[in-house]
Amino acid sequence: DAKTTQPNSMESNEEEPVHLPCNHSTISGTDYIHWYRQLPSQGPEYVIHGLTSNVNNRMASLAIAEDRKSSTLILHRATLRDAAVYYCILRVLNFGNEKLTFGTGTRLTIIP
Amino acid sequence: GAVVSQHPSWVICKSGTSVKIECRSLDFQATTMFWYRQFPKQSLMLMATSNEGSKATYEQGVEKDKFLINHASLTLSTLTVTSAHPEDSSFYICSASPTGDYGYTFGSGTRLTVV
């Protein structure tokens, strides 16, 4: 399975930008980079995804390295509601069967 | 946006009984749905891929006779935990995605407690 590596935890001050890194050195050409976040006792929530180009949406921005071996999720102005576990995942297409395999994620703490 | 509904939110059952969990895609058709299990303070573990009209694909180490998956329509997949035991107590989560370049939507999860 394609692997991602993330720091176990990060802290950020409220109202400041947050950069969450992810390494995926074994990514293949057809793998999409997905980000999800999870609050306690809830299902994960979709944040953003991309293939090669940087992506922006109302929640966040995704910066993808030129070689695609790493990416960074950017929360432009963190709020207390952004405290969650963030998962960087590769959407793997395997012989027409998709998989979305979770790693350990980064626990983001927002400091008021 | 795409919505996935999971039911029930929580269930308590006696050891040895079976429990069925439903996962529905409300506003899109899903030929594929995924079932995950999550233990406290751990990440989600993919259990199986549910394929409409065909047999599910189970991950290594997941007992297919214990975790029965049925995907009879394009909007409904069910996971039945058969002969449940306390070690099956966990948070079960399903997910699906519309066809194409979309993100996945997850259900709100089902907390199963076997006593």
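Here's what I pulled together on the structure shown here. (Residues numbered from 1 in each chain as written. Chains lettered and ligands numbered in written order. Predicted model: local features only at pLDDT ≥ 70, side-chain atom pairs only at ≥ 80, totals over all residues. Heavy atoms only, no water.)

Quick word on the pattern of salt bridges
No. 1: Taken as a whole and assessed by the stated rule, the structure comprises 6 salt bridges over all chains.
No. 2: Here A:E45 ties to A:R37 by a salt bridge, and the two come within 2.9 Å at their closest N and O atoms.
No. 3: Residue classification places A:E45 among the partly exposed residues on the basis of a relative accessible area of 36%.
No. 4: Note that B:E22 and B:R24 form a salt bridge whose closest N and O atoms lie 3.5 Å from each other. (Salt bridge = Lys/Arg side-chain N within 4 Å of Asp/Glu carboxyl O. Buried < 20%, exposed > 50% of the residue type's maximum accessible area, 1.4 Å probe, protein only.)

Thoughts on the environment of A:R77
All names here are of chain A.
No. 1: Mapped onto the fold, R77 is located in the loop between β7 (70-75) and β8 (84-94).
No. 2: Placed 64 residues apart in sequence, R77 and N13 show a C-alpha to C-alpha distance of 9.3 Å.
No. 3: Residues within four places of R77 in sequence aside, it is in contact with E15, E16, P17 and D82. (Helix = DSSP H or I, 4+ residues; strand = E, 2+ residues; numbered from the N terminus. Contact = heavy atoms within 4.5 Å.)

Looking at the nonpolar core
No. 1: Core analysis: the largest hydrophobic core is formed by 25 residues, its most contacted members being B:W35, B:Y58, B:F67, B:I69, B:L79, B:Y92 and B:L112.
No. 2: For this core, the secondary structure elements donating two or more residues are β2 (10-13), β3 (19-25), β4 (32-38), β5 (45-51), β7 (67-73), β8 (76-81), β9 (90-96) and β11 (110-114) of chain B.
No. 3: Among residues more than four places away in sequence, those in contact with B:Y92 are B:Q6, B:I21, B:Y36, B:R37, B:M47, B:F67, B:L79, B:G109, B:T110 and B:L112.
No. 4: Counting residues in each nonpolar core, the second largest holds 20 residues, with A:C22, A:A78, A:Y86 and A:L108 among its members. (Core = buried A, V, L, I, M, F, W, Y, C linked by side-chain atoms within 4.5 Å.)

Looking at the packing of aromatic side chains
No. 1: Considering all chains together, one arrives at 9 aromatic pairs over all chains under this definition.
No. 2: Judged by centre distance (5.3 Å) and plane angle (65 degrees), the ring pair of B:F34 and B:Y104 falls under edge-to-face. Separated by 70 residues along the polypeptide, B:F34 in strand β4 and B:Y104 in the loop between β9 and β10 (105-106) bring together distant segments of the chain. Side by side, B:F34 and B:Y104 carry an identical accessibility label, which is buried.
No. 3: Judged by centre distance (5.9 Å) and plane angle (45 degrees), the rings of B:Y36 and B:F106 are tilted. Placement of B:Y36 in strand β4 and of B:F106 in strand β10 is noted, with a sequence separation of 70 residues between them.
No. 4: In this structure B:Y36 comes out as buried when scored by relative accessible area, which is 0%.
No. 5: B:F106 sits in the buried class, given a relative accessible area of 7%.
No. 6: Here the aromatic residues A:Y36, A:Y46, A:Y87, A:F102, B:Y36 and B:F106 are joined through ring pairs into a cluster of three or more. (Phe/Tyr/Trp six-rings, centres within 6.5 Å; stacked < 30°, edge-to-face > 60°.)

Details of the sheet that holds strand β5 (residues 55-56) of chain A
Residue and element names in this part refer to chain A.
No. 1: If you trace the 4 strands from one edge of the open sheet to the other, you get β2-β7-β6-β5, paired in antiparallel fashion. Single-partner strands in this sheet number two, and they are β2 (18-23) and β5.
No. 2: One ladder, built from 6 bridges, connects β2 with β7; its direction is antiparallel. Paired with L20 across the bridge in β7 is L73. (Pairing = 2+ DSSP bridges.)

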